[in-house]
Amino acid sequence: MKKTFLLLIVLLVPLVFTESCSNRELRKELQTLDRVIDNRDVYQNRFYAKVGRTRDALAATTSDSLAWTYSYDLFNDFVRFSTDSALVYLERMERYAAACSSPRMAYYSALSRLQLDIARDYLAEAAQTFAKLDTTGLNLSVEEQFDYYNRTGAYWVMVRDAYSGAQHDAAKLLLNESRQKAVQLDSLSLTGRKLHAILYNQKGLYDKSLETLLPCWSWDTLTDLDRSITAYNIASVYRQMGDGMQEMVWLARSAQYDYMAPVNNYLSVYHLAKRLYDHKMYERSQRYITFNLTDIIEANYQQRIRRSGEMHVLISSANHKIQVNRIKLVSVMGIIFLAMSLVLVRLLRRNKSLFRLTEEKNEQILKVNRKLQEANTIKEEYLFRYMGLSTQYLIQVEDTMHELRQIAKNEGVEAMMQKLRSHGNTDEELAKFYKVFDETFLSIFPDFVEKVNAMLREDCRFSMKPGNVLPTELRILASIRLGMKESGKIAEFLNCAPATVYTYRTKILNMASCPRDEFERKLMEITSY
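A. Main features of the overall build of the chain. Secondary structure summary: the chain contains 23 helices and zero strands in total. Counting only residues that meet the buried cut, the chain has 37% of its 529 residues in that class. Carbon together with sulfur atoms contributes 56% to the accessible area of the chain, which is approximately 31,300 Å² in total.

If you want it as structure tokens, here you go:
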């Protein structure tokens, strides 16, 4: 029995230690990613400075050939950052290629349009562009042939994912042929190794795939974009191996370099958010998917907006449930804490210091109770007054209906219609309605006008109208004090335009003798006691 127990310990300790190391590694990479995201403006400014120099060179050149080259460079910069900007420089490439009558420029322009069609999820346009690709007479080098098979492979991926059945199988076969041909031409470059690793994955040779990709990570020649792609492909291998922790580690690394590159068409942050969601790390998952959705919408990558949007809704919903449960837990803990506090007060009543503490707590509770009492008073005052007002209106409606019937009977329908078109009664009723509101409000907050005036400059203070009728400005402030803070809702209540309410609010704030934020805070602190 002891031998069996010792054997279990020997087997389990390495597993626990490995898992713990992986967790520490993931936390480290996620913290690094958070720092990179916080500094994303630095990387974007660096990107804009780079493309700015190329744009200046494009504007200065008078050579169509050089202009095509600069436009090609700008296209490659923007195709992963903003499809709209990439399209601008693609159209310039096509114009300059036509002006130079260069088949090679025209070929690369078409290849670039295929890349952009794929990025924008334009399947029909991509099919037309692919059909027009013409390499006749170009005598492509080995590197150019490799580039052709690599880029057209992306097209077959798009077709494979768009269809099912025979079309799906045919696209899958052509995709595999493209990758095989590309690897035969170059299996040593970074892209060649990536394609080679994909072929290993298809055969289930994941160790071979890692042996192909992991050494690339230490290459000094890699750009930020190269590192993001390499890390993403390594993460894909770990995903197929079922190692979710290492997958997240490498997705975090890929995301770091996506932001540093910078690119907006990344998949790393999307998949990382999805994996974190699966591991119930909801808050961080929601933060990342929000960044992802914002970037792809800004960059107009149509093929990924719907998928990221659905994931954002799913994660946000889960995070909301967690927050609700936390609030419930805090509420329960608060009740328990309050009960324990009451018991403690009874047990230690003779201790003067604790007695003073109890008095302070009671004062806080008293303030809360006063606020609750004030809220109940407001509710009851307005409820009963408006119930009475509603009853009066019902009686008046009946009287008005009787009057209209009598007019129609004695004077005719035209006289009745003229009576209906009259606004006099409506204006009178509105005046009565607001008078009830003013009287009720001032009965609850009798010092309201005085306290508001204390917050205004001396030359801007209000005086009451006869009959305790509030001026429009004070009626707006009264509405805000009752919790009606949106100008649109106040406008509906006061039967005026939102712009009118906004103008009055701005006017009042300009009249304040204190800062605007302090004025609104002091307004809400005006009490009925």
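On we go.
B. Focus on the pattern of salt bridges. Applying the stated rule across the entire model yields 19 salt bridges. Note that Arg 253 and Glu 29 form a salt bridge whose closest N and O atoms lie 3.2 Å from each other. Of the two residues, Arg 253 is situated in helix α12 (residues 244–260) and Glu 29 in helix α1 (residues 2–38); the sequence distance between them amounts to 224 residues. For the pair Arg 253 and Glu 29, one class covers both residues: buried. With a closest N to O distance of 2.3 Å, Lys 435 and Glu 439 form a salt bridge. One end of the pair is Lys 435 and the other is Glu 439, both in helix α18 (residues 424–444) and four residues apart, which spans about a single turn. Note on Glu 439: relative accessible area 30%, which makes it partly exposed. Here the salt bridges share partners, and the residues they tie into one network are Asp 34, Asp 38, Arg 284 and Arg 287.

C. Main features of empty space enclosed by the protein. Counted under the stated rule, the structure contains one cavity of 30 Å³ or more. Of the voids in this model, the largest cavity is the one considered here, and its volume is about 40 Å³. In terms of residue class, the lining of the largest cavity is built from four nonpolar, two polar and two charged.

D. Expanded view of the packing of helix α3 (residues 64–78) against helix α5 (residues 103–119). Where α3 meets α5, the axes come as close as 12 Å, and the angle between the chain directions of the two elements is 20°. Overall, the two elements α3 and α5 adopt an arrangement that is roughly parallel. Crossing handedness for the pair α3 and α5: left-handed. Within the contact between the two elements, α3 uses Ser 65, Trp 68, Tyr 72, Phe 75 and Asn 76 and α5 uses Met 105, Tyr 108, Ser 109, Ser 112, Gln 115 and Leu 116. Here the residues of the contact of α3 with α5 sort into six nonpolar, five polar and no charged.

E. View of unusual backbone geometry. At the junction of Ala 261 and Pro 262, the peptide bond is cis and its omega measures out at -15° in the coordinates. Looking at the element boundaries, Pro 262 is found in the loop between α12 and α13 (268–278). The phi dihedral of Asn 139 falls on the positive side, at around 50°, and the residue is not glycine. Turning to its location among the elements, Asn 139 is positioned in the loop between α6 (123–132) and α7 (142–162). One non-glycine residue with positive phi stands out, namely Asn 495, at about 60°. Locating Asn 495 in the fold gives a position in the loop between α21 (487–494) and α22 (498–511).

F. Broad picture of the nonpolar core. Within the largest apolar cluster, 36 residues are counted, with the highest numbers of intra-cluster contacts made by Trp 68, Phe 75, Phe 78, Leu 116 and Tyr 155. For this core, the leading source of residues is α5, giving eight residues. With 33 residues, the next largest nonpolar core counts Ala 197, Ala 231, Trp 250 and Leu 251 among its residues.

G. Local environment of the confidence of the model for the chain. On average, residues of the chain score 80 in pLDDT, and 75% of them reach the 70 mark or higher. In the model, residues 8–19 has pLDDT below 50 throughout and makes two contacts with residues more than four positions away in sequence or in other chains.

H. Inspection of the packing of aromatic side chains at higher detail. According to the stated counting rule, one finds 23 aromatic pairs in the structure shown. Seen in terms of ring centroids, Phe 47 and Phe 81 are 4.5 Å apart; in terms of plane orientation they differ by 35°. Their pairing is tilted. With Phe 47 in helix α2 (residues 40–60) and Phe 81 in the loop between α3 and α4 (83–100), this residue pair connects regions lying 34 residues apart in the sequence. A relative accessible area of 6% places Phe 47 in the buried class. Ring centres of Trp 68 and Tyr 72 lie 5.1 Å apart, and the angle between their planes is 10°; on these two criteria the pair is classed as stacked. In this pair, Trp 68 and Tyr 72 both sit in helix α3, four residues apart, roughly one turn of the helix. Accessibility expressed as a relative area gives 9% for Trp 68, which makes it buried. Among the residues examined, Tyr 72 registers a relative accessible area of 16% and is labelled buried. In this structure an aromatic cluster arises from ring pairing among Phe 433, Tyr 434, Phe 437, Phe 441, Phe 445, Phe 448 and Phe 493.

What counts and how
Residues numbered from 1 in each chain as written. Predicted model: local features only at pLDDT ≥ 70, side-chain atom pairs only at ≥ 80, totals over all residues. Heavy atoms only, no water. Helix = DSSP H or I, 4+ residues; strand = E, 2+ residues; numbered from the N terminus. Buried < 20%, exposed > 50% of the residue type's maximum accessible area, 1.4 Å probe, protein only. Areas by Shrake-Rupley, 256 points an atom, 1.4 Å probe, with all protein chains shown as cover. Salt bridge = Lys/Arg side-chain N within 4 Å of Asp/Glu carboxyl O. 1 Å grid on protein atoms, 1.4 Å probe; cavity = no way out; pocket = protein on both sides within 12 Å on 5 of 7 lines; lining within 4 Å. Points joined across faces, edges and corners; volume = space filled by probe spheres on them. Nonpolar A, V, L, I, M, F, W, Y, C, P; charged D, E, K, R; others polar. Axes fitted to C-alpha atoms, helices over the stretch in contact; angles between N-to-C directions. Parallel < 35°, antiparallel > 145°, perpendicular 65-115°, else oblique. Left-handed = near helix turned anticlockwise from the far one by under 90°. Contact = heavy atoms within 4.5 Å. Core = buried A, V, L, I, M, F, W, Y, C linked by side-chain atoms within 4.5 Å. pLDDT = per-residue confidence, 0-100. Phe/Tyr/Trp six-rings, centres within 6.5 Å; stacked < 30°, edge-to-face > 60°.

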